[in-house]
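An overview of the molecular structure
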Amino acid sequence: MDPYELKRRDFLKKLGLISGAAAITGVGGVASMLIDQREEIVLSPEQKQFMDKYENWLEDFNDMAKYQKVDPEHLENNKKLMGLAEEAAKWQKDLVQHMKDENFARYYMIVTERVTNTI
């Protein structure tokens, strides 16, 4: 297997939780049914801080994913994607902990659906 494919697989493994959420929500899935309820979901200050960080990360990831569709061989973009994967790996334990809260999990799925539709 070539080095690019190994890096790609590692990247996808690191984003496993996002992929899992994408599989659960699907296009037009559960998250779309909850979209109107987003404002009603109450998060703790710690969860809100995490989601602010995650939403900023998601915006960057979304931009990189769009660009990769256009030019999958672009080295700089692929490096940025790997950097985003490494950043996500750092806070994955916090995400797992937060996902135990049903309100947080619903909010997370709603926010994640944006990137799911792009990918």
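Procedures and definitions
- Residues numbered from 1 in each chain as written.
- Predicted model: local features only at pLDDT ≥ 70, side-chain atom pairs only at ≥ 80, totals over all residues.
- Heavy atoms only, no water.
- Core = buried A, V, L, I, M, F, W, Y, C linked by side-chain atoms within 4.5 Å.
- Buried < 20%, exposed > 50% of the residue type's maximum accessible area, 1.4 Å probe, protein only.
- Helix = DSSP H or I, 4+ residues; strand = E, 2+ residues; numbered from the N terminus.
- Contact = heavy atoms within 4.5 Å.
- Expected span 1.5 Å × (residues − 1).
- Arc of directions from axis to C-beta.
- Phe/Tyr/Trp six-rings, centres within 6.5 Å; stacked < 30°, edge-to-face > 60°.

**Describing the nonpolar core**
Judged by nonpolar contacts, the single largest core of 20 residues is most densely connected at Phe-50, Met-51, Tyr-54, Trp-57 and Phe-104. Among the elements of the structure, α4 (45–70), α5 (75–90) and α7 (102–118) are those that each provide at least two residues to this core. Considering each element in turn, this core owes the most residues, eight residues, to α4. Other than its neighbours up to four places away in sequence, Met-51 contacts Leu-43, Phe-104, Tyr-107, Tyr-108 and Val-111.

**Examining the environment of Phe-50**
Examined against the element boundaries, Phe-50 turns out to sit in helix α4. Note on Phe-50: relative accessible area 4%, which makes it buried. Note: C-alpha distance between Phe-50 and Trp-91 (41 residues apart in sequence) is 8.9 Å.

**Thoughts on α5**
In an α-helix, one turn spans 3.6 residues, which is why side chains three or four residues apart end up on the same side. Along its 16 residues, α5 runs 23 Å from first to last C-alpha, staying within 8% of the 22 Å computed at 1.5 Å per residue. Listed in full, the buried residues belonging to α5 are Asn-77, Asn-78, Leu-81, Met-82, Leu-84, Ala-85 and Ala-88. Take α5 and look down its axis: the buried residues cluster within an arc of 160 degrees, on one side only. In this structure, α5 carries Leu-75 and Lys-90 as exposed residues pointing more than 90 degrees from its buried face.

**What to know about the packing of aromatic side chains**
In the structure shown here, the tally under the stated rule is eight aromatic pairs. Each ring, one from Tyr-54 and one from Trp-57, has its centre 6.0 Å from the other, and the planes form 20 degrees; the classification is stacked. Placement of the pair is Tyr-54 and Trp-57 together in helix α4, with a separation of three residues, close to one helical turn. Taking the relative accessible area as the measure of exposure, Tyr-54 reaches 0% and is therefore buried. Taken together, the ring pairs connect Phe-50, Tyr-54, Trp-57, Phe-61, Trp-91, Phe-104 and Tyr-108 into an aromatic cluster.

**Side note on α4**
With 26 residues, α4 should cover 38 Å at 1.5 Å per step; its first-to-last C-alpha distance of 38 Å lies within 8% of that length. The complete set of buried residues in α4 reads Gln-47, Phe-50, Met-51, Tyr-54, Glu-55, Trp-57, Leu-58, Phe-61, Asn-62, Met-64 and Ala-65.

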